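# Examining the three-dimensional arrangement
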Amino acid sequence: MATLSPVLKQATGVIAARGEGALIFDEDDRRYLDFTAGIGVTSTGHAHPKVVAAAQEQVGKIIHAQYTTVMHRPLLTLTERLGEVLPAGLNRVFFANSGSEAVEASLRLVRQATGRPNIVVFHGGFHGRTVAAASLTTSGTKFRSGFSPLMAGVAISPFPDPTHFGWSQQEATKFALAQLDYTLQTVSAPADTAAFLVEPVLGEGGYVPANAEFLAGLRERADKHGILLILDEVQTGFGRTGKFWGHDHFDGKPDVVITAKGLASGFPLSGIAASEELMAKAWPGSQGGTYGANAVACAAAIATLDVIQEERLVENAAARGEQLRAGLEKVAAGDDRITDVRGLGLMLGNEFRDADGNPDGAAAAAAQQEAARRGLLLLTCGAWGQVVRFIPALVVDEEQVEEAVGVWQETV
Ligand code: PLP
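Residues numbered from 1 in each chain as written. Predicted model: local features only at pLDDT ≥ 70, side-chain atom pairs only at ≥ 80, totals over all residues.

Another point: the sheet that holds strand 16 (residues 379-381). The strands making up a sheet associate through backbone hydrogen bonding, with each pair oriented either parallel or antiparallel. Taking strand neighbours across the sheet as the criterion, the 4 strands line up as 13-14-17-16 in an open arrangement whose pairing is antiparallel. The sheet is open, and its two borders are formed by strand 13 (338-344) and strand 16, each paired with just one other strand. Across the sheet, the axes of successive neighbouring strands diverge by a mean angle of 30°, strand direction being ignored. Pairing of strand 16 with strand 17 (residues 387-390) involves 3 bridges; the strand directions are antiparallel. Bridge pairing in strand 17 places Cys381 opposite Val387. (Pairing = 2+ DSSP bridges. Helix = DSSP H or I, 4+ residues; strand = E, 2+ residues; numbered from the N terminus. Axes fitted to C-alpha atoms, helices over the stretch in contact; angles between N-to-C directions.)

Rendered as structure tokens:
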């Protein structure tokens, strides 16, 4: 049997044979509650009949037609449909295949549009694994080490993370905004700064939500200095947090939104959205790629939007998220090692700390493995791997959430 190369780590040993909604069945037909959703991708659940039908139909019509030469209907329809859900004014979209590529597209756009070299990112942010995206990523040295030098022109400023130093959110936000002013004074002058790039909720960085005051502070500084605000909604978009976009919780006002993951229910598709005026500043030929806006992926994305609307999945994410949070908090109350339950909607994390109060990645990894043994698939995140996260499909139902909490209770 072929072995995985050493760079690939497989946390659970499960080989999926098929999926159905929030469930996965392995090759022996063992049932698992999938609270990973392929890292927050299969939001409409595995093999949703409408997504499957749309993709199957499209495969029989046209699979690929490169849009710089020939447009296809799914691309045009998807663009129109995204107009219904994107923040007002963001009416131009560019499509790629992965989150990292979309992050890079946003980087090219803001540098070309402003003529400025630098991007300010916020500590704990994850933006992908291509060299440029890794240069913008600060959620763990494992994403940055060993292939230096990284891209120049990145300044790192604190994210308002109240999990450090026992701060309140208000204290953490005050600190983060003061440090941002310091960063603009000492590292990246406003005249050199093209954009701020931030996640509405730190994803790989440990499921730490931003807040309204912080995003308003970024907007204010962006407006004052002609800096653009990019929100990376790759993990938080498409209903994951119980609102359509993560920044809807905080009245965020982005110049550029990056989307991927939940966009196409598992087909590789990502995109950036910006105003017509801003997008017109991208240099001709600088955005593109052979496979972007694949016709089958676009058809799946249209079906995904239909399912999200028809089955009220954003509302379900909010309701099931509340149920899940209440259950996880109850479990945490009986376990000294779980010091925090946090996140938004169906994007919830449990922080593990040891007796000295230090992040405990080993305990989180052991819990993840034990949960998998008991039929519940989970992921970890955080710089030390100390957070066990629950991120099921948005179609997850009340009984499945109750069952997952029960398994979690037995696991820890
Ligand atoms: N941005 C965020 C917030 C992400 O969570 C991820 C992936 O987890 C990415 C970007 C990179 O996406 P991809 O893995 O599709 O390149």
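Moving on, we get to the pairing of strand 11 (residues 256-259). Two faces, one strand: in a regular strand the side chains alternate between the faces of the sheet. Burial along strand 11 is two-sided: the face carrying Val256 and Ile258 and the face carrying Val257 and Thr259 are both buried. Pairing between strand 10 (residues 228-232) and strand 11: 3 bridges, direction parallel. Note on strand 11: the bridge partner recorded for Ile230 is Val256. Sheet topology note: the strand 11/strand 12 (residues 270-274) ladder contains 4 bridges and is antiparallel. Paired with Thr259 across the strands is Gly271, a residue of strand 12. (Buried ≥ 20, exposed ≤ 12 C-beta atoms within 10 Å, placed from the backbone.)

Here the chain is described as being made up of domain 1 (16-47 + 312-411) and domain 2 (52-310). For domain 1 and domain 2, the distance between their C-alpha centroids amounts to 25 Å. When residues of the side of domain 1 that touches domain 2 are traced back to their parent elements, those giving at least two are helix 1 (37-40), helix 10 (313-333), strand 13, strand 14 (347-352) and strand 17. The greatest single-element share of the side of domain 1 that touches domain 2, amounting to 5 residues, is contributed by helix 10. When the residues that make up the side of domain 1 that touches domain 2 are grouped by side-chain class, the tally is 14 nonpolar, 10 polar and 4 charged. (Domains from an automatic or database assignment. Nonpolar A, V, L, I, M, F, W, Y, C, P; charged D, E, K, R; others polar.)

Attention shifts here to the site of the ligand. Within the structure, the ligand sits among 15 residues, and Ser98, Gly99, Ser100, Gly128 and Val234 are positioned closest to it. Sorting elements by how many residues they give to the shell around the ligand places helix 4 (residues 99-114) first, with 3 residues. Considering only residue class, the shell around the ligand consists of 5 nonpolar, 7 polar and 3 charged. (Near = placed C-beta within 6 Å.)

Attention now goes to the nonpolar core. Judged by nonpolar contacts, the single largest core of 121 residues is most densely connected at Ala195, Phe196, Ile230, Ile272, Cys298 and Ala300. At 11 residues, the largest contribution of residues to this core is made by helix 9 (residues 295-310). Two domains each donate at least three residues to this core, and these are domain 1 (16-47 + 312-411) and domain 2 (52-310). Discounting chain neighbours no more than four positions away, the residues touching Cys298 are Pro74, Leu75, Leu78, Leu269 and Ala293. (Core = buried A, V, L, I, M, F, W, Y, C linked by C-beta atoms within 7 Å. Contact = placed C-beta atoms within 7 Å.)

This brings us to the sheet that holds strand 7 (residues 193-198). Overall, mixed pairing links the 7 strands, which are arranged 4-12-11-10-7-5-6 in an open sheet. If you trace the sheet from one side to the other, it starts and ends with strand 4 (92-96) and strand 6 (154-157), each paired once. Pairwise comparison of adjacent strand axes, ignoring direction, gives a mean angle of 20° for this sheet. Docked against the sheet, helix 6 (residues 169-186) engages strand 5 (118-122), strand 6 and strand 7, running at close to 155° with respect to strand 6.

A few words on the packing of helix 11 (residues 361-373) against helix 12 (residues 398-411). When two helices pack together, their arrangement is captured by the angle between the axes and the distance separating the axes. Axis separation between helix 11 and helix 12 bottoms out at 9 Å; the angle between their running directions is 125°. When the axes of helix 11 and helix 12 are compared, the pair comes out oblique. Judged by the sense of rotation from one axis to the other, the crossing of helix 11 with helix 12 is right-handed. Contacts between helix 11 and helix 12 pair Ala367, Glu370 and Ala371 from the former with Val407, Trp408 and Thr411 from the latter. (Parallel < 35°, antiparallel > 145°, perpendicular 65-115°, else oblique. Left-handed = near helix turned anticlockwise from the far one by under 90°.)

With 16 residues, helix 4 ought to run about 22 Å at 1.5 Å a step, and its terminal C-alpha atoms sit 23 Å apart, in line with that. Judged by how many residues are buried, helix 4 sits mostly within the fold: 13 of 16 residues are covered. Just beyond helix 4, the residue with positive phi is Gly115, at close to 70°. (Expected span 1.5 Å × (residues − 1).)

With that settled, consider the pairing of strand 12. In terms of residue burial, strand 12 counts as a mostly covered element, since 5 of its 5 residues are buried. Side-chain alternation along strand 12 places Ser270, Ile272 and Ala274 on one buried face and Gly271 and Ala273 on a second face that is also buried. Across 5 bridges, the pairing between strand 4 and strand 12 is antiparallel. Pairing of Val93 across the sheet is with Ala273, part of strand 12.

What follows deals with the environment of Phe196. Among the secondary structure elements, Phe196 is positioned in strand 7. C-alpha of Phe196 to C-alpha of Arg221: the two residues are 25 residues apart in sequence and 9.6 Å apart in space. Here Phe196 is in contact with Val120, Leu218, Ala222, Ile227, Leu229 and Ile230, once residues within four sequence places are set aside.

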